[in-house]
Every structure is written in C-alpha cells, then in structure tokens.
Amino acid sequence: MTALATHDPRITKALERSLELGETGIAVAAYHRGELIVDAVAGLADVERGTPVDERTLFPVFSVTKGVTATALHLQAERGLVDLRAPIARYWPEFAAHGKETITVEQALSHRAGIPQMPEGVTPDLMADWEWMTSRIAEFRPVFEPGTTSAYHVLVWGWIIGEVVLRTDPAHRPFDVFVAEEICTPLGVENFHLGVPDPDLGRVATLYGGNEFGTVDDHNVSPPAVFPGSDAHNQRTVQQAVDPGAGAIATAGSVARIFAMLAEGGELDGTRLLSPHRVATFTRPRQDPHAPDRILTIPVWFGANGFWLGGEPEASDPLVGDHRDIIYSPGAGGSVAWADLRDRVAVAICHNNMDTPAIQSPERTFAPVARAVREIVAEHEGNGR
C-alpha cells in the first residue's frame, strides 16, 4: 500500500457503502503523525448537472468552522493578546451593554455567555455585513444569566469570537484575512474559505436538505432566513459571507490539515502555531459539563476552549474515538473533523446531503469511512511511520 490511500480498496469500499446508505457526495482526508494517509472522494457534487466530486470540490462544513475559529483565538492568547479569563468587554468595550460586562472570553468559547440568539431581522445580506452583525450583538440582552447555563450559540458564536480576534489583532485585519494569513498560509492550506472567491464558486458542492426550521429556534438562535441548511447555504451571498461559526467552505484535505496541526500538538511540518501545553488544555471540560444544554436536545460534552470533547459515554460522538484526548467539531448535517491528541490522528469528513443519517444510529453513513480510516492508521502505525 502506498502512504496515501486515495485509491486504497478499503476507503473505496467504505465510500461506496456511504453512498448506498444515502450520501450524495462525500470526501474524507486523514493524517497520522503529521503525514497525509487518506484523501479520497466519491459521489456527486451536483445531482442535476451530474458533476462528480473531485479533489477540488469545496464543501460547506457548517460548525466544523468553529474549531478553526477557536484556533484563531488561541493564537491571540498564545501571543499574550487575549486573556481567556478576562471579560470580552476589555477588548470590545461596546459589548458591555445591557448586563454583558462580566461575560468572559472563556464563557463565550464554551457556550456559557447566555446570548445564543441571532439579531432580530437578520437576512443573508445582513449576516454578510460584519459591522451590522457585531453592532447588533453588542446591544444584546442576555437570554440566560451569563456564566450560569450551557446554551449552544449555534450561529452567533462566530461573530463573538471573531470580533475578539479582530479587536486584538495589531494589524486590524478582517477575520477571514487573519485566518488565511495566520493559519492557512503557514500550514500550506489553500482550499479553506471564509467567503468563497468568485473564481471558485463553481467548485462548491450543492447542498441537499437540512432545512428543519424551528428545531433549535426557541430563542431565535437559527432563524429560517439564515438556518444552517441548503436553502440558505446554497445562496451565493451566504457562500461568500464571512461567517466564523458556521460558514467555512473547504476541501476535506484542508480541514484535516488544520486539525492535523492540533493532533501534532500545535506544529506541522516544522511550522508551529500553538504550544503543546496550550493544545493540551483543549481537552479540559467546560464549567458544569454534565448540565443539559438549554439549546441542543442531544447530550453535549463540551470543552472550555471551544471544542467538543471525546470519551464521555452517551455524550461524545463515538465516531471520533473512545478516549479523553480527542477534540472535535461537528457541523450541521453531519460534517465533522477531529484531532486525536493521544494517537496523533486527524480526520475530516465532508458531504452535501444534509438529510442522510450521518449523525444517526444504527447505521450511520460515515461509520464505514471512519472504520476504514482506523484500519489504515493501524497499518501505518504497524509499518513504523
């Protein structure tokens, strides 16, 4: 077997099985010990046109984005520009309005800020207006008492964290530029977009399904106009918006490479972005971790530093592994990326059919792919790589 399992029969068979289970188009990439060992695709990027998925197909990955946005904030913390225990208002004074003056950066990272709502009247065009979004967020009144309740900030999280990064960047770069220059370029990542450029729009996979309005909308956290499903996210305006919580559009290989840096303790191919100590802190659970989430209806095992955590029975996603040294970011419809800090494995799986059982039991569409990746990792390990 070659080191790169693009055509490994185990991956080919697993992807074919995922299509049989209902996937439309799917891509997977995996790293082990800093080496790309899997990069494969299958299915259709657009059913009507008959366009096959290829290595350049870009997939909307929804909240997988949060793992990259959290990484951007931790870069600022690593540089001494952000204190995670400090109030957000230290960096963004306008944020202090209406009882938000004590909300800390860590509380926002861990979805305990008490402001999960989106601005009233938001539309795709307004969501794409960074200043409109952040000015409205600054005027929010907490829905829950800050710091006391876990309430997943489905969409708004991205602008809260992104604005802290922007406010603490000495160069005052837009958030998408910061991520491109501080994460993607150093790591050699070319196909991760927070706002797809015009020439690359034709590479974006068409999304299907996922428009379950109202499932988490008691507090306007996912209003229909911008709900994380195909209706909104097939629109060019949304594809080109800078949405740091749910808007990245990327190849599986690009996402996996960023998570490989985390799996390697903050360094990949000689480029260090974060210290091993800081990455190790990402597995620390948030305050009151066993409390039910007030927004999500599923069990949640979440970290203090912006990632979901592995290894908690009946709460962590078993797809990513079964031990505590795993951090992951799942997205609406099922896309997922994880970094196994113990075994130095990073995996990203992207797809475009948001109505498949990618996140459901008993037979999940991603399960055959994850099993095949683990077999290849085990063989790679056995070969001494």
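The rules behind the values
Residues numbered from 1 in each chain as written. Predicted model: local features only at pLDDT ≥ 70, side-chain atom pairs only at ≥ 80, totals over all residues. Heavy atoms only, no water. Axes fitted to C-alpha atoms, helices over the stretch in contact; angles between N-to-C directions. Helix = DSSP H or I, 4+ residues; strand = E, 2+ residues; numbered from the N terminus. Parallel < 35°, antiparallel > 145°, perpendicular 65-115°, else oblique. Contact = heavy atoms within 4.5 Å. Nonpolar A, V, L, I, M, F, W, Y, C, P; charged D, E, K, R; others polar. Pairing = 2+ DSSP bridges. Core = buried A, V, L, I, M, F, W, Y, C linked by side-chain atoms within 4.5 Å. Buried < 20%, exposed > 50% of the residue type's maximum accessible area, 1.4 Å probe, protein only.

A word on the packing of helix α1 (residues 9–20) against helix α12 (residues 367–382)
Here is step 1 of the chain: Here α1 crosses α12 at 170 degrees, and the two axes come no closer than 8 Å. Here α1 lies roughly antiparallel to α12, going by the angle between them. When α1 is examined against α12, the residues R10, I11, A14, L15, R17 and S18 are found in contact with a partner set consisting of P368, V369, A372, V373, E375, I376 and E379.
Here is step 2 of the chain: Across the contact of α1 with α12, the residue classes tally to eight nonpolar, one polar and four charged.

Topic: the sheet that holds strand β5 (residues 192–193)
Here is step 1 of the chain: The strand order β4-β6-β5 describes an open sheet built from three strands, whose pairing is antiparallel. Every other strand in the sheet has two partners, leaving β4 (59–62) and β5 as the edge strands with one partner each.
Here is step 2 of the chain: In the sheet, β4 pairs with strand β6 (residues 248–250) via three bridges, with the strands oriented antiparallel. Opposite F62, over in β6, you have A248 as the bridge partner.

Looking at the nonpolar core
Here is step 1 of the chain: In this structure, F192 and W338 are the most contacted members of the largest nonpolar core, which totals 122 residues.
Here is step 2 of the chain: Residues in contact with F192, not counting those within four places in the same chain, are V68, V179, C184, A248, I249, A250, S254, V255 and I258.
Here is step 3 of the chain: Membership of the second largest hydrophobic core comes to five residues, among which are V196, L201, V204 and I249.

Concerning the environment of G266
Here is step 1 of the chain: Note that G266 resides in the loop between α10 (252–263) and β7 (267–268).
Here is step 2 of the chain: C-alpha of G266 to C-alpha of S135: the two residues are 131 residues apart in sequence and 33 Å apart in space.
Here is step 3 of the chain: Not counting residues within four places of it along the chain, the set of residues in contact with G266 comprises M261, T271, R272, L273, L274 and V279.

It is worth stressing that arrangement in space is one thing and function is another; only the former is reported here.
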